[in-house]
Amino acid sequence: VHTEYINDAGNLVDQKIKEISDAINSLKNAKIQLVEAKYALQEKNDLFDRSVKQGEEKLKNARKELDNSKRAYEKNNSDFQKNYVQAYRKIEDGKKKIEDAEARYANLKEVNYKVYARDEFISTYDVFRDGINRLDSLSNIFPVFFFAVALLVTLSTMLRMVDEQRSHIGILKALGYNKWEIMKKYIMYGFFSGLIGYILGVTLGLTLLPSVIYKSYAPNSIFSSVVLRFDYKYVFLAFIIALSCTVLSTVYILNKELKVNPSALMRKKPPKSGSKIFLERITPIWNRLSFNKKVTARNIFRYKVRMSMTILGIAGCTTLLVTGIGIRDSIKGISDLQYSKISKYELLVTFDNNALKKEVSEFKEMIYKNSMIMDSEEILYQKINTENKSDSEHTINLIVPKKVDRINEFIELRDRKTSKSIKLDNDSAVLTEKFVGSLKDHSGRKLTVYTDSGEEKNLKYGEKTEWYLQNYMYMSPKYYEKTFGKNAEFNGYLLKLQDSSAENVNIVSREIMKLSAAQSVTSTKDSKGQVDATLNGLNFSIVIMIICSSLLAYVVLFNLTNINVAERIYELSTIKVLGFYPKETSMYIFRENFVLTIFGIILGCVLGNRLQNYIITTLPPADSMFVPGIKFSNYIISAVLTMIFSIVVMMLMHKKINSTNMLDALKSSDN
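Residues numbered from 1 in each chain as written. Predicted model: local features only at pLDDT ≥ 70, side-chain atom pairs only at ≥ 80, totals over all residues. Heavy atoms only, no water.

**Quick notes on the overall build of the protein**
Within the protein, the regular secondary structure consists of 21 helices and nine strands. In the protein, buried positions account for 38% of the 671 residues. Residue pairs in contact within the protein that sit at least 24 positions apart in sequence constitute 79% of those at least 6 positions apart. Carbon and sulfur atoms provide 59% of the accessible area of the protein, an area that totals close to 40500 Å². (Helix = DSSP H or I, 4+ residues; strand = E, 2+ residues; numbered from the N terminus. Buried < 20%, exposed > 50% of the residue type's maximum accessible area, 1.4 Å probe, protein only. Contact = heavy atoms within 4.5 Å. Areas by Shrake-Rupley, 256 points an atom, 1.4 Å probe, with all protein chains shown as cover.)

Okay, structure coming up:
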């Protein structure tokens, strides 16, 4: 019994111990949770403290931003109060501008549009293309003269070479060589000489001349530099012509000589026998000539081939000189003539007729009251379209002066040939000379023009006035009303200034363009500058042509004179042995050269006159004109230059004749 109680008590004790142990564990766990809770609480307290600090910082920043905004508001409000009046005025001004624009819009006329193809539009493209076409037409003229003179030089040179080689050719022919084998040497000589000349000519022609021509047209274009290109067709054509001049002339001369027997070829070529000339039949003149002059006359007609070559060679070179100097004279001073003696005003200004009345009044008031403007004439200025010879539409400038009797104070309307003044009447218009020449129909002096709306109008033109740059038409207000069926609406002024210097012209131009109604300002100073730039470039091209012509004249004279002396060295030796003095011996030949040079100069002057007249009508653009005709001084200068070349050549040949051993020449001739 006691044992059971003890066991029960032991179990109870164990149970209590276990409960105590569990309680202790629970207590430990509770302590741990308590510590964790303390840490969590501390973290939340720290987070709270940080949140409070951040909130306070944000609040502080918000208050600062609010203060800045208040200050900005107060400043902007102050600015608004200050600028309110100005803003109100601007609004009112804007409303007024809108009202003015609406009024201007209501005053606008109906707009008409016309569509042009690029080839039809009168623009810089058309002007550039026109210039190229004119240069192309000129390029078909000058090479003909140069190649013709080159052919003469080559023909005479090869003729002389074959004459010197007669005995050698006769020996080869006697030894059994055929015609081709004999000709081959001389053909190769002509071929290579022509080839070398061709290479030099093509090189200079494809580099130097394009650059020179580019400089002539560069002032009117926007090209930064010239692009050198060439057409194989023309290069090949030049090759054929150059070699034809040398090779064919050689073949022609050799073929003629090879028809002679070898024995005749190996002998010295007998001099041509003289014959009675036409001058001998005129007894009163012939009997009064000295012996030397009679010999000169007979020798000239005895060597007819040389005479023809000399005259034609000198004529060709003189023609080029007369043409070059004539073109230079025709373009020299055009701008001074146009903008000083014909156009006497400094500015042509236009205003917009669609502008408000107040703006137009302001424009006119400025013209009348400006102290820098000496005189003015109100005009109608507009561009109208018409047709020329090529049936293409052409633009012409129309000027209608308000006071007809005052137009010559600003623009000198006069006949170029007689210098007679032209007055505007109420029955016809006055056209510029170049434009009249471009019309295809002169019957009845009638002209068809087209308005901006495309409406066709017919009018009559009377006299033509001297004018060089651009095309103009002048008519009275009454004839304008009669032609177009409406009154002339004057929209511009011709202005003369107190001071016509470029600086003063620019000042007045700027003042006018500041006005609302101003539409355009055209200064004769600017136009003159553009024309001078173009003509200066063209002058440079003409100078190159004159230099080339001079060099060609010298080469022709030297070559022909040298050949003449070489062929007649036996004759010269004979007369020198007979007692002729050195000067007399030289003059024996030089008289012939002098006479032939005179005839060549006369023929060259005639041909040069024709060529110059053709060029000055072909070279200028469609709306420009060079001074027609040719100065007498041109003939004098060209003749003197050619004669100087002839004298220089004679002086060189005189030294050669004097240095030649005449006895050796006679011996070699006998052999």
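So that's the structure; there's more coming.
**A closer look at unusual backbone geometry**
With phi around 60°, Ser419 is a residue other than glycine that occupies positive phi space. Along the chain, Ser419 falls in the loop between β3 (393-401) and β4 (429-432). Positive phi outside glycine occurs at Gln470, with the angle close to 70°. By the secondary structure assignment, Gln470 is in the loop between β6 (456-465) and β7 (472-474). Assessed through its relative accessible area of 40%, Gln470 is described here as partly exposed.

**A word on helix α3 (residues 142-164)**
Between its terminal C-alpha atoms α3 stretches 33 Å, which fits the 33 Å expected from 23 residues at 1.5 Å a residue. Listing the buried residues of α3 in full gives Phe142, Val149, Leu152, Val153, Thr154, Ser156, Met158, Arg160, Met161, Val162 and Asp163. (Expected span 1.5 Å × (residues − 1).)

**Some thoughts on the pattern of salt bridges**
Per the stated rule, a full pass over the model turns up ten salt bridges. The shortest N-O distance in the salt bridge between Glu409 and Arg406 comes to 3.1 Å. Here Arg406 falls in the buried class, since its relative accessible area comes to 17%. Each of Asp375, Glu377, Arg406 and Glu409 takes part in a single network of salt bridges with overlapping partners. (Salt bridge = Lys/Arg side-chain N within 4 Å of Asp/Glu carboxyl O.)

**Some words on the nonpolar core**
In terms of nonpolar packing, the biggest core is built from 68 residues, with Ile399, Ile411, Tyr474 and Leu494 touching the most fellow members. In terms of residue count, helix α17 (residues 524-567) provides more of this core than any other element does, eleven residues in total. With residues up to four places along the chain from it excluded, the contact list for Ile411 reads Ile342, Tyr345, Ile399, Trp467, Tyr474 and Leu494. Core analysis: the second largest hydrophobic core is formed by 21 residues, Tyr461, Met473, Met475 and Tyr479 among them. (Core = buried A, V, L, I, M, F, W, Y, C linked by side-chain atoms within 4.5 Å.)

**Remarks on the packing of aromatic side chains**
On inspection of all chains with the given rule, the structure shows eleven aromatic pairs. Seen in terms of ring centroids, Tyr368 and Tyr493 are 5.8 Å apart; in terms of plane orientation they differ by 90°. Their pairing is edge-to-face. Linking Tyr368 in helix α13 (residues 357-369) with Tyr493 in strand β8 (residues 492-497), this pair joins segments that are 125 residues apart in sequence. Note on Tyr368: relative accessible area 52%, which makes it exposed. With 5.1 Å between their ring centres and 55° between their planes, Trp467 and Tyr472 make a pair best called tilted. The same class applies to Trp467 as to Tyr472, namely buried. Pairwise contacts between aromatic rings join Phe351, Phe363, Tyr368 and Tyr493 into one cluster. The aromatic ring of Phe410 is capped on one face by Lys496, whose charged end is 5.1 Å from the ring centroid. (Phe/Tyr/Trp six-rings, centres within 6.5 Å; stacked < 30°, edge-to-face > 60°. Lys NZ or Arg CZ within 6 Å of the ring centre and 35° of its normal.)

**Notes on the confidence of the model for the protein**
Of the residues in the protein, 87% reach a pLDDT of 70 or more, and the chain-wide mean stands at 80. The weakest mean pLDDT in the protein belongs to helix α21 (residues 662-670) at 59; the strongest belongs to β8 at 93. (pLDDT = per-residue confidence, 0-100.)

**Some thoughts on a nonpolar patch on the surface**
A cluster of nonpolar side chains, Phe558, Phe632, Ile636, Val640, Ile644, Val648 and Leu652, forms an exposed patch at the surface whose accessible area comes to about 590 Å². Per-element accounting of the nonpolar patch gives the leading share, six residues, to helix α20 (residues 632-659). For Ile644, the location among the structural elements is in helix α20. Since its relative accessible area comes to 42%, Ile644 is described here as partly exposed. (Patch = residues over 30% accessible without salt bridge, like charges linked within 9 Å, V, L, I, M, F, W, Y side chains within 5 Å.)

**Structural notes on the environment of Cys317**
Among the secondary structure elements, Cys317 is positioned in helix α11 (residues 304-331). Residues in contact with Cys317, not counting those within four places in the same chain, are Val149, Ser549, Leu552, Ala553 and Val556.

**Remarks on the packing of α3 against α11**
Contact pair α3 / α11: the axes reach a minimum separation of 10 Å and the direction vectors enclose 150°. In terms of orientation, α3 and α11 fall into the roughly antiparallel class. In the crossing of α3 with α11, the sense of the turn from one axis to the other is left-handed. Where α3 abuts α11, its residues Phe142, Phe145, Phe146, Val149, Leu152, Leu155 and Ser156 lie against Met309, Leu312, Gly313, Gly316, Cys317, Thr319, Leu320 and Thr323. Split into classes, the residues belonging to the contact of α3 with α11 amount to ten nonpolar, five polar and no charged. (Axes fitted to C-alpha atoms, helices over the stretch in contact; angles between N-to-C directions. Parallel < 35°, antiparallel > 145°, perpendicular 65-115°, else oblique. Left-handed = near helix turned anticlockwise from the far one by under 90°. Nonpolar A, V, L, I, M, F, W, Y, C, P; charged D, E, K, R; others polar.)

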